[in-house]
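Each chain is listed here by its residues.
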Amino acid sequence: MPPRASKRKSVPPNSSTVTSSDGRSVSNKAKTKGMEKIDRLFNTYANSSLGMIDPEGIEALCADLGVDYTDVRILMLAWKLKSEKQGYFTREEWQTGLKALGVDSLSKLKKALPELEKEVEKPSNYEDFYTYAFRYCLTEEKQKSVDIESICELLNLVLGVQFRPQVDSLVEYLKIQNDYKVINADQWINFLRFCKEISFPDLRNYDANQAWPLILDNFVEWMREKQS
Amino acid sequence: MESKTIDFERGWDHVYKGIKQLRRILEGLPEPLFTSGEYVMLYSTVYNMCARNPPHNYSQQLYDKYREVLEEYITSTLSPSLRGKRDEFLLRELVKIWVNHKVMVRWLSRFFNYLDRYFVDYRSLPALNEVGMTCFTDLVYREVQTNIKDAAIVLIGKEREGDRIDCSLLKNVLDIFVAVGMGSMERYEDDFEADMLRDTGAYYSRKASSWIEEDSCPEYMLKCEECLKKERDRVFHYLRSSSEVKLIEKVQHELLVTYIDRLLEKEHSGCRALLRDDKADDLSRMYRLYCKIPRGLDPVADIFKQHVTAEGTALVQAIGAASNAPGVQEHVLLRKIIELHCKYMAYVTDCFQNHNLFCNALKDAFKVFCNNTGTDSSSAELLATFCDDILKKGGSEKLSDEAIEETLENAVKLLAYINDRDLFAEFYRKKLARRLLFDRSANDDHERSVLSKLKQQCGEQFTSKMEGMVTDITLSRENHAAFEDYLRSNSAAHPGIDLTVTILTTGFWPSYKPCNLNLPTEMIKCVEVFKGFYETKTKHKKLTWIYSLGTCNLSGMFDQKTIELVVSTHQAAVLMLFNTSDRLSYSEIMDQLNSTHEDLVRLLHSLSCAKYKILSKQPDTKTISRSDYFEFNSKFTNKLRRIKIPLPPVDEKKKIVEDVDKDRRYAIDAAIVRVMKTRKVLGYQQLVSECVEQLSQTFKPDIKAIKKQIEDLITREFLERDEENPNTFKYLA
């Protein structure tokens, strides 16, 4: 027989048959115990009438985590939680997400943030996160595009660290151009591709004869004019 | 024939006697020729020696003897005569001994013929004449082949320099080369032709390098033509026909290909100069010389294209710079472009034999400058105006019918070079509408002829609306007759004014702004009456009245005399206000009429500040302001009894361009969907080029516009970008 496992942590193997007085299996119980902590944490921030964490709750969470409301790490957290609605975390999202992070307390969550950053930056995840960031901004039903102002902020937030010069120029351009008042998902994903593939600031390998979105063609033209 | 065995020595003796006799004949000694009896004897002897069973079968020995005899003959008689001889003498001698050899072989073969019949095949040995040839080759040819080749080439060189040479000698010598090949041209080609070609190349290379310095392009080309002709003659006279292709190619290479750039680019006489100076003959020669050379015409076509483009561009700029009245200038421009087109089309047809390269060069050239008019108006508009000028009354009364037809035909041809064909269609339609509605068309036949030319050039869809317009006019006339009947049978309904209504089918005609003008009561009655009539004909169609297109004849009761005024309906509405009021302010007119400021200013200007002042204006300035007052000018008079008061049309150019742009967006959208629906998955560049192709009949789409529509279709979820390859699109059903 394996040594007695400590109370809350690992569950002894083949323990599914061991039942306790209330009929639930021990593993379930242990799970529930872990979930309880997560749940309690959830309740701390949740809006009781809504049954989920609302923007106010998120703000409070941020304060407790010592992170700004607009910090990209919150967006990353949302991504990890697979949160569907901007500004809100449901109980299920919270439970699944925190479990995936392997945390069940505020301090652990705080400690997990740097890891989360690293995870997002992994090439396999980054594009997914990037696309998620856009979707997260589609707050209205049937909304397909995001206004320029928000896009600029989002670009700063999401790409600013890795591609600062591109983002700065792009944001400058987006603000002064008049052709587009909103950006759609296709244009958004191509911004990332642009940053990754195109040599900057010389833009040497940009070919307008390829299927780059028109807004990027115009951006490149504007940049080349500025540089000459 | 005696069929007895013969002893070899005896038999051979007999044969050998015959051979000696043959040799004496060949030497030219007085020896009688063989009689047929003698010949039969010799043949039989051989036969008897061969048609036996061993050991009396001497076929092998005889075969060997045959060869021996020949070799002996050659070495003792033929070869010696060649030694020490050179050049032409060598050639002559060679031909002579070749002839002798042939005779010897022929006769010997006749004697020994029986060997050819059985022994040769049986032992798979070379036939007798082959043996003969081999002997000659080994003993004579091989020794002298280089010398005769050189001598022959020298002769050819002399001929090139103008000397007369013995062509038949040369031909005979070359026959030897061929014969020695024994069925294949290898000896001729390797032992003679190769060096001959090399020598030819060197010769022409030398000539070309000096000619190209000294001669003008036409002179050089003439020399080339002559040289080529002479070389062809050479082939005909003595070279083998198989040499022709290689020879001509060599000559062409040295004369035409090597120096093509220098020749064409010669400053005062090269291709450009020839075009400039209209040297049709020289250009025809240039075409003839270069059309057989692969890619030879490319530079010529290129220069042609550049020349035409330059001429066209200069023309456009010159006329753009001239500061005549705009309408005249543009008319002149188009006339000149048409002239230019006819001129260079003639070149293509006459000098360049309608060759594809040149047809395309012309097309490309025209496309370049036909689309940059250097004025505010696009070439599409200019062309439409040009046609309008010819087709309207007073436009081309001085020209004959044929001249008009020809001009219109040429004008339509120009349309092929203009990118914005759809823009032309719009302008043309607008002007056609004005011609039809205001009865300004000069000649129905010409109108119809232009439409059919346009249909031929651009397809049915291009002209379907315009044809609809013409039909509408015809139908309206019939309709009018019916309306008159209606009025006659319902005299109470008669509005008291003569009324003609033209019914336009909405889709065919350009779109017109509807207006909410308040009409005078008299006119309202007219409208009502017609509506009543129309409803008896059909209840399904809705009538929208466009008063801006109507005309009205008013009687102006001026002090001096009554003058009939032909005005637009809008102008009439303004004037009739003065039937009830003596003096009206701008704003009063505005209120009563319910017009827009823009329209009203135009209307009042035409009636009070233009040529005929039907209304007097206070203050009497040249422009209309909103504080002006107007009165009926009873003092007005004119020597004519009937005057037309023109109302300058609004500049619809901007609107037309906008409309066309909008149509284009739809067209591009539809084209993309059509292509993607068929292909399902397609790369970006291919998608663009297929769209351009589909739309090419109507206009040349802007690549950016296509890109924009693709993006629009992505947003509307018709297309999506492929995840693996961002340059590929997928159709979402």
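In case you missed it, the structure is sitting above this.
Heads up: these notes are all about the structure in this document. Remember, it's a predicted structure, so these values are computed and weren't measured experimentally. (Residues numbered from 1 in each chain as written. Chains lettered and ligands numbered in written order. Predicted model: local features only at pLDDT ≥ 70, side-chain atom pairs only at ≥ 80, totals over all residues. Heavy atoms only, no water.)

## Overview of the layout of surface pockets
A water-sized probe rolled over the atoms picks out the places where empty space is left.
(1) Moving on: Approximately 840 Å³ is the volume found for the second largest pocket.
(2) Moving on: If you trace the second largest pocket, you find 28 residues lining it, with Ala-185, Asp-186 and Ile-189 of chain A together with Arg-721 and Glu-723 of chain B closest to the centre.
(3) Moving on: Elements represented by at least two residues in the lining of the second largest pocket include exactly helix 6 (123–136) and helix 9 (185–197) of chain A together with helix 28 (703–715) and strand 8 (719–721) of chain B.
(4) Moving on: Looking at the lining of the second largest pocket element by element, the count peaks at nine residues for helix 9 of chain A.
(5) Moving on: Counted by class, the lining of the second largest pocket contains ten nonpolar, five polar and 13 charged residues. (1 Å grid on protein atoms, 1.4 Å probe; cavity = no way out; pocket = protein on both sides within 12 Å on 5 of 7 lines; lining within 4 Å. Points joined across faces, edges and corners; volume = space filled by probe spheres on them. Helix = DSSP H or I, 4+ residues; strand = E, 2+ residues; numbered from the N terminus. Nonpolar A, V, L, I, M, F, W, Y, C, P; charged D, E, K, R; others polar.)

## Details of the pairing of strand 5 (residues 629–632) of chain B
Residue and element names in this part refer to chain B.
(1) Moving on: As defined by bridge partners, strand 3 (residues 583–585) adjoins strand 5 across three bridges and the pair is classed as antiparallel. In the sheet register, Arg-583 faces strand 5, and the bridge partner there is Glu-631.
(2) Moving on: In this structure, strand 4 (residues 615–618) lies alongside strand 5, joined through four bridges in antiparallel fashion. Within strand 5, the position partnered with Leu-615 by the bridge is Phe-632. (Pairing = 2+ DSSP bridges.)

## A look at the interface of chain B and chain A
(1) Moving on: Facing 13 residues of chain B, the contacting portion of chain A comprises 18 residues.
(2) Moving on: Considering only the side of chain B, the residues that lose the most area to chain A are Lys-707, Glu-711 and Arg-721 of chain B, jointly responsible for 38% of the buried surface there.
(3) Moving on: There are four salt bridges connecting chain B and chain A.
(4) Moving on: For the pair chain B and chain A, the interface holds 13 residue pairs in polar contact (both at pLDDT 80 or more). (Contact = heavy atoms within 4.5 Å. Buried area = accessible area lost by both parts, 1.4 Å probe. Salt bridge = Lys/Arg side-chain N within 4 Å of Asp/Glu carboxyl O. Polar contact = N/O pair within 3.5 Å; in protein donor to acceptor, adjacent residues only side chain to side chain.)

## As for empty space enclosed by the protein
Residue and element names in this part refer to chain B.
(1) Moving on: Taken as a whole and assessed by the stated rule, the structure comprises three cavities of 30 Å³ or more.
(2) Moving on: Approximately 90 Å³ is the volume found for the largest cavity.
(3) Moving on: For the largest cavity, the lining is made up of 13 residues, of which Leu-334, Ile-337, Cys-370, Thr-373 and Ser-379 are closest to its centre.
(4) Moving on: Of all the elements in the fold, those that place two or more residues in the lining of the largest cavity are helix 15 (326–350), helix 16 (356–370) and helix 17 (379–391).
(5) Moving on: Taken together, the residues that form the lining of the largest cavity break down as ten nonpolar, three polar and no charged.

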